[in-house]
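Chain by chain, the residues:
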Amino acid sequence: MNQRKFVFSQVMEFFPRWVLEKAIKEYKGDFHAKNLNTYSHCLHLMFGQMAGCKSLKDISLVLKSIKKSVYHLGIQTVVDPSSLSKANETRDYRIFEDLGMWLIRKVRAMYAKENIPDVYLPGWEIFAIDSTTIPCSIKLAEWALGKYSKGGVKMHTVLDLRGSIPDSIYITNSRYHDSNFLDEYEPYKWAIYTMDKSYVDFEALYRMQVNETYFVTRAKNTMKYEVIDTNYNINDLVGIVGDQIIHLSGYLSEKKYPDDFRLVKYYDADKDEVISFITNNMELGPLVIANIYRNRWAIETFFKWIKGNLTIKSLWGYSENAVKIHLWVAISSYLLLAWVKAELKSPLTITEVSKVIEASILSKADIKELLDVPEPLTQNQNVNELLLF
């Protein structure tokens, strides 16, 4: 694979250029393009992500510093920051969205047999739903109006807990309420979705019930209900202190969710509190239900990783189109590294892979040797978060 190629070039050997070319043709991405076609535009931005560049100016500066070798990265001509900025503003973001969605389908399949900590349910699809907000100046991004006259871009994500691979990404302004995302997303039949209590919209949850989709979420303290049945065969030694079948008793909530569902209570010894979960799955053990919710923290880790390891702390443009290009390129970079990790069977986590790639991106070391370490630094990149509810 190496043949004295830059590490970035070795990573980009996995890049599905035909997918990008198909999207370019569909959305006329190279119409009137002069010195920066779509493929070169994508290479500039992906290099910036993997190299940890903080701005468009940094991307241009680093690439121009190796101008004699930049051709070997696949980039024909290095452009200045203003050209990158203009391309981010004018080139259709759907080109990068299509690329990202194709990579999601490709890479998810590679991690389909990954284990989920403390949840032994082979063959089950288990997802976490959550969102993260990237603050920005409302003066620069008027479309991204949030609460209290502040600006923000919200990225709603459905994360496959097997491998922490996103299944769906939806980008809105920060005023968009989390529960509204359930109106847009079509869940898989028989899959399990775990989410925090901000997604407790009984009308949306009932649609999941009708669709034969399972949910696991936190119960709100204000929820009114009556107990239909109680499971007394529980083990408080593992933290389970309640397992009941309930029915909503509030007038409006009962109309929105007319079926019975389940209330599982778990005692968190670390916080000395009882946590209540609601689910429409009547078959799984109560501890499994609690552990499924506990693994929801994988999506918090994913957001932390994306913000910390890929360059989206400071946006590379402020129009809606530019922001969406930036986020989709960040997600595509993450997925490409996940693909490399899976293909090369690296024992490193995706976090560690990204750090190794960033540190050696302009070296000509063999990528397989770089990622083939005998003892990875961490066995589970979510280990700290999984201790928390």
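Let me begin by describing the structure that accompanies this report.

### Let's talk about the overall build of the chain
- Check the secondary structure of the chain and you find 14 helices and nine strands.
- Counting all 389 residues of the chain, 54% fall into the buried class.
- As presented, the chain carries roughly 18700 Å² of accessible surface, and 51% of it is formed by carbon and sulfur atoms.

### Things to note about unusual backbone geometry
- One non-glycine residue, D118, lies in the positive phi region at around 65°.
- Inspection of the secondary structure assignment puts D118 in the loop between helix 6 (94–110) and strand 1 (126–136).
- Overall, the relative accessible area of 51% leaves D118 in the exposed class.
- The backbone of K345 shows a phi angle near 55°, a positive value even though the residue is not glycine.
- Assignment of secondary structure puts K345 in the loop between helix 12 (320–343) and helix 13 (350–360).

### Section: the nonpolar core
- V11, F15, M50 and L336 are the most contacted members of the largest nonpolar core, which totals 93 residues.
- One finds V158, L182, A191 and Y193 within the second-largest nonpolar core, a separate group that totals 25 residues.

### Some details on the pattern of salt bridges
- Under the defined criterion, the tally for this structure stands at 15 salt bridges.
- A salt bridge links K5 to E13; its shortest N-O distance comes to 2.6 Å.
- According to the relative accessible area criterion, K5 is partly exposed, its value standing at 31%.
- The partly exposed category is assigned to E13, whose relative accessible area is 38%.
- Among the charged side chains, a network of salt bridges with common partners joins R108, E125, D160 and D167.

### A look at the packing of aromatic side chains
- By the definition in use, this model includes 21 aromatic pairs.
- With a centroid separation of 6.1 Å and 45° between ring planes, the pair formed by F15 and Y39 is classed as tilted. Taken together, the positions of F15 in the loop between helix 1 (7–12) and helix 2 (17–26) and Y39 in helix 3 (residues 38–51) put the pair 24 residues apart, joining distant regions of the chain.
- On the basis of relative accessible area, Y39 is assigned to the buried category, the value being 17%.
- Ring geometry for F181 against Y185: centres 5.6 Å apart, planes inclined by 15°, an arrangement best described as stacked. The burial state of F181 is the same as that of Y185; both residues are buried.
- By way of ring pairs, the aromatic residues F127, Y170, Y176, F181, Y185, Y188 and Y193 are connected into one cluster.
- Here the basic side chain of R17 rests over the ring of Y39, its NZ or CZ set 3.6 Å away from the ring centre.
- Between the NZ or CZ atom of K364 and the centre of the ring of F6, over which it lies, the distance is 5.1 Å.

### Quick look at the pairing of strand 8 (residues 261–268)
- Of all eight residues that make up strand 8, six are buried, and the element is covered over most of its length.
- Pairing analysis gives six bridges linking strand 7 (residues 240–248) to strand 8, with the strands arranged antiparallel. In the sheet register, G242 faces strand 8, and the bridge partner there is K265.
- Strand direction decides the pairing type here: strand 8 and strand 9 (residues 273–279), joined by seven bridges, are antiparallel. Its bridge partner lying in strand 9, L263 is registered against I278.
- Once strand 8 ends, the chain turns through four residues before running back antiparallel as strand 9, passing D272 with a positive phi of about 55°.

### Describing the packing of helix 4 (residues 56–65) against helix 5 (residues 81–90)
- Orientation of helix 4 relative to helix 5, taken along the N-to-C sense of each, is 130°, at an axis distance of 8 Å. It follows from the interaxial angle that helix 4 and helix 5 lie oblique. Crossing geometry of helix 4 relative to helix 5 is assigned as right-handed. Facing L56, K57, I59 and S60 of helix 4, the residues of helix 5 in contact are P81, L84, S85 and N88.

### Some points on the packing of helix 3 against helix 5
- Between helix 3 and helix 5, the least distance of the axes is 11 Å, while the angle of their chain directions is 110°. Here helix 5 runs roughly perpendicular to helix 3, going by the angle between their axes. Note on element contacts: helix 5 touches helix 3 through L84, A87 and N88, opposite H41, H44 and L45.
- In terms of residue class, the contact of helix 3 with helix 5 is made up of three nonpolar, three polar and no charged.

### Details of a nonpolar patch on the surface
- Together, V241, Y267 and V274 give the surface a local cluster of nonpolar side chains, amounting to about 240 Å² of exposed area.
- Positionally, V274 belongs in strand 9.

### Overview of the side chain of D178
- Relative to the helices and strands, D178 resides in the loop between strand 3 (165–173) and helix 7 (181–184).
- At a separation of 2.8 Å, a polar atom in the side chain of D178 contacts the side chain of S131.
- For D178, the side chain forms a polar contact with the side chain of K154, separated by 3.3 Å.
- Apart from the residues within four sequence positions on either side, D178 is in contact with D130, S131, K154, H156, S198 and Y199.

### Examining helix 10 (residues 286–294)
- When you tally the buried positions in helix 10, you get seven out of nine residues, the bulk of the element.
- Among the residues of helix 10, those classed as buried are P286, I289, A290, N291, I292, Y293 and R294.

Parameters at a glance
Sequence order as written defines residue numbering, which begins from 1 separately in each chain. Whole-chain, interface and lining totals are the exception, using all residues; otherwise, since this is a predicted model, local features are given only for residues with pLDDT of at least 70 and side-chain atom pairs are given and counted only at 80 or more. The basis for every side-chain value is the complete set of non-hydrogen atoms in the structure, without hydrogens or water. Going along the chain from the N terminus, every DSSP run of H or I of four or more residues is numbered as a helix, and every run of E of two or more is numbered as a strand. For the exposure calls, accessible area comes from a 1.4 Å probe over protein chains only, and a residue counts as buried if that area is under 20% of its type's maximum, exposed if over 50%, partly exposed in between. We get accessible surface area from the Shrake-Rupley algorithm with a probe of 1.4 Å; when it comes to residues, only the shown protein chains can shield them. Note on terminology: a nonpolar core comprises buried Ala, Val, Leu, Ile, Met, Phe, Trp, Tyr and Cys residues joined through side-chain atoms within 4.5 Å. Throughout this description, the term salt bridge denotes a Lys or Arg side-chain nitrogen within 4 Å of a carboxyl oxygen of Asp or Glu. Each Phe, Tyr or Trp ring (for Trp, its six-membered ring) is paired with any other whose centre lies within 6.5 Å, and the angle between the two planes then decides the class: stacked below 30 degrees, edge-to-face above 60, tilted in between. Counting as a charge over the ring demands two things of the Lys NZ or Arg CZ atom: a distance within 6 Å of the ring centre and an angle within 35 degrees of the ring normal. A pair of strands is considered paired only if DSSP assigns at least 2 bridges between the two. Helix axes are fitted only over the stretch in contact, all axes being lines through C-alpha atoms; the angle between N-to-C directions runs from 0 to 180 degrees. Note that the term roughly parallel is reserved for angles under 35 degrees, roughly antiparallel for angles over 145, roughly perpendicular for angles of 65 to 115, and oblique for everything else. Note on convention: near helix rotated counterclockwise from far helix by under a right angle means a left-handed crossing. Clockwise means right-handed. Contacts were defined at the residue level, with two residues in contact if any of their heavy atoms lie within 4.5 Å. Ten residues, namely Ala, Val, Leu, Ile, Met, Phe, Trp, Tyr, Cys and Pro, are considered nonpolar, four, namely Asp, Glu, Lys and Arg, are considered charged, and the remaining ones, Gly among them, are considered polar. Residues forming no salt bridge and having over 30% relative accessible area are the ones grouped into patches, like charges within 9 Å of each other and nonpolar side chains (Val, Leu, Ile, Met, Phe, Trp, Tyr) within 5 Å. N or O atoms within 3.5 Å of each other form a polar contact, as long as, within protein, one can give a hydrogen and the other can take it, and as long as residues adjacent in sequence are counted only when both atoms are side-chain atoms.

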